[in-house]
Amino acid sequence: MLAYDIRGRGPGLVLLHGIGSTGTGTWGALADRLAADHTVVLPDLPGSGRSPLPGGPLETGALADQVLATARAAGLGDFVVGGASVGAAVAVAVAANGPDRVRGLFTLAGFARPRTALWLSLELWASVAARQDGSSGSFLTSLCFSEEHLASLTPEEEQRLAARPVASAPGTSQQIALALGLDVRRLLPAVAAPTLVVAAMGDRLVAPEHSVELAEGIPGARLAAVRGGHAATVEEPERIGDILTDFLREVHGRGAGTPEPPAFQRTSGTGRRFLPALPRPARP
C-alpha cells in the first residue's frame, strides 16, 4: 500500500502524480476544489513523499495493484482514477486491472509509452539528476513549463522558479527508469470505464500526440486540450478544474441528457489526428 493524503467527502477520486512529485505537489489546489464534492485520495508513488521504494525496479502492474489497495484502505469501494504524466500510465493500468472498481479514467499530459523525443528527454533528465549539481531546476523549468508561461514571467520570477527544488523526490531516478521502460498500449483496449484524455498543447516534454495515442487506443475515449505545458496543473488550474468537474458530473450521472461540452472530441476507429482548437489570449 502507498502513503496517501485524503480530503473531502463524496464519490471517490484517486489522483496520481508524475515523476519526482507527490500527490499534493501535483494536484494540491485542484484537490481542494474537487474535495467539495468528492473524497479525493492523493497517493505518493514509491520514492515520493512517505512511500518508500521497493527492493527492485518499479513496475506498472505492481503499482496499479498498490493504488487499488490504497483506495480500499482509504475507504473507497469504487472511484474515478486520474493521472498526470507517468501517473497517467499507472492510472490506465489501474482501470484495466480493476474494471469492477474504476468508474472513470482521466489522464493529463500522459503517455502510453515513451516515443523517441520523450525517451531522449527522459534520458537527459536522468543524466542531469545524477549529477546532483543543482542544475536540474533550470533544466526542468525549461522543459515543464510552456513557452507562453515562461515568456509572461519577469526575470526575478524566472530565477525564483528555476531555483525551486522541483521534481526532486528521493525516487526520481527510479521513476524516470519506470517511464523509460513502460508500455501500456496492450492495456488500452481493456479499459471499459468512461475516459477523458487531456493534452497540454504547450507541453515540451510529453507532446500532445501522446494523448492522441492514448485516446485512440481506449474504446470510446474523448480528447480535450489545455494551453499549458507539462506543469499544466500550475499553469491552467481553473481550466483543468472545469474540464475534470464536468467529466465527473457525467460519470456520476449528474450531467445526463445535457449536450456534450465543445471542449471534448470523440476519437474514432479511423484515428482522429487532431486536437480541439483553443482561442489564443488577446495581446495588448
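Not measured: the values here are computed from a predicted model.

**Considering the packing of helix H4 (residues 116-131) against helix H5 (residues 136-144)**
- Following both chains from N to C, one finds H4 and H5 inclined at 160°, their axes separated by 10 Å at the closest point. Taken together, the axes of H4 and H5 are roughly antiparallel relative to one another. Crossing angle aside, the handedness with which H4 passes H5 is left-handed. Contact residues: H4 offers Ser121, Leu124, Trp125 and Val128, while H5 offers Ser136, Phe139, Leu140 and Leu143.
- When grouped by side-chain class, the residues that make up the contact of H4 with H5 number 6 nonpolar, 2 polar and no charged.

**Here's the deal with the environment of Ile240**
- As for its placement among the helices and strands, Ile240 is situated in helix H11 (residues 237-251).
- Ignoring anything within four residues of it in the chain, the contact list for Ile240 reads Leu30, Phe106, Leu108, Val226, Ala232 and Thr233.

**Things to note about the pairing of strand E7 (residues 222-226)**
- With 5 of 5 residues buried, E7 is to be regarded as a mostly interior element.
- Where strand E6 (residues 195-200) and E7 come together, 5 bridges link them in parallel fashion. The residue of E7 that forms the bridge with Ala199 is Ala225.
- Running through helix H9 (residues 208-217), the crossover from E6 to the neighbouring parallel element E7 is right-handed.

**Description of the pattern of salt bridges**
- Scanning the entire structure with this criterion turns up 10 salt bridges.
- A salt bridge links Arg113 to Glu213, with the shortest nitrogen-to-oxygen separation between them at 2.8 Å. Placement of the pair is Arg113 in the loop between strand E5 (102-108) and H4 and Glu213 in helix H9, with a sequence separation of 100 residues.
- Its relative accessible area of 24% is what places Arg113 among the partly exposed residues.
- Taking the relative accessible area as the measure of exposure, Glu213 reaches 14% and is therefore buried.
- Notably, a salt bridge pairs Asp246 with Arg249, separated by 3.9 Å at the nearest N-O pair. Here Asp246 pairs with Arg249, and both are found in helix H11, just 3 residues apart, close to one helical turn.
- Under the relative-accessibility criterion, Asp246 is labelled partly exposed at 29%.

**Observations concerning unusual backbone geometry**
- Despite not being glycine, Ser85 shows a phi value in the positive range, around 60°.
- On the secondary structure map, Ser85 appears in the loop between strand E4 (79-84) and helix H3 (86-97).
- Even without being glycine, Ala109 reaches a positive phi, approximately 50°.
- Topologically, Ala109 is positioned in the loop between E5 and H4.
- We classify Ala109 as buried; its relative accessible area is 2%.

Procedures and definitions
- Throughout, residues of each chain are indexed from 1 in the direction in which the sequence is written.
- A pLDDT threshold of at least 70 governs which residues receive local features in this predicted model, and a stricter bar of 80 or more applies before side-chain atom pairs are shown or counted, although totals over entire chains, interfaces and linings include all residues.
- With hydrogens and water excluded, all non-hydrogen atoms of the structure serve as input to the side-chain values.
- To get an axis, fit a line to the C-alpha atoms, keeping to the stretch in contact for a helix; angles then go from 0 to 180 degrees between the N-to-C directions.
- Numbering of helices and strands runs from the N terminus, with a helix taken as a DSSP run of H or I at least four residues long and a strand as a DSSP run of E at least two residues long.
- Here the word oblique covers every angle except those under 35 degrees (roughly parallel), over 145 (roughly antiparallel) and from 65 to 115 (roughly perpendicular).
- With the far helix as reference, a near helix turned anticlockwise by less than a right angle produces a left-handed crossing, and one turned clockwise produces a right-handed crossing.
- Note on contacts: a residue pair qualifies if any of its non-hydrogen atoms lie within 4.5 Å across the two residues.
- Just so you know the grouping, Ala, Val, Leu, Ile, Met, Phe, Trp, Tyr, Cys and Pro go in nonpolar, Asp, Glu, Lys and Arg go in charged, and all remaining residues, Gly too, go in polar.
- For each residue, the accessible area found with a 1.4 Å probe, counting protein chains only, is set against the maximum for its type, and the residue is called buried under 20%, exposed over 50%, and partly exposed in between.
- Here the rule is simple: two strands pair whenever DSSP picks up at least two bridges between them.
- The definition of a right-handed crossover adopted here requires that, viewed with the strands pointing away, the path from the first strand over the helix to the second runs clockwise.
- What counts as a salt bridge is simple: a side-chain nitrogen of Lys or Arg found within 4 Å of a carboxyl oxygen of Asp or Glu.

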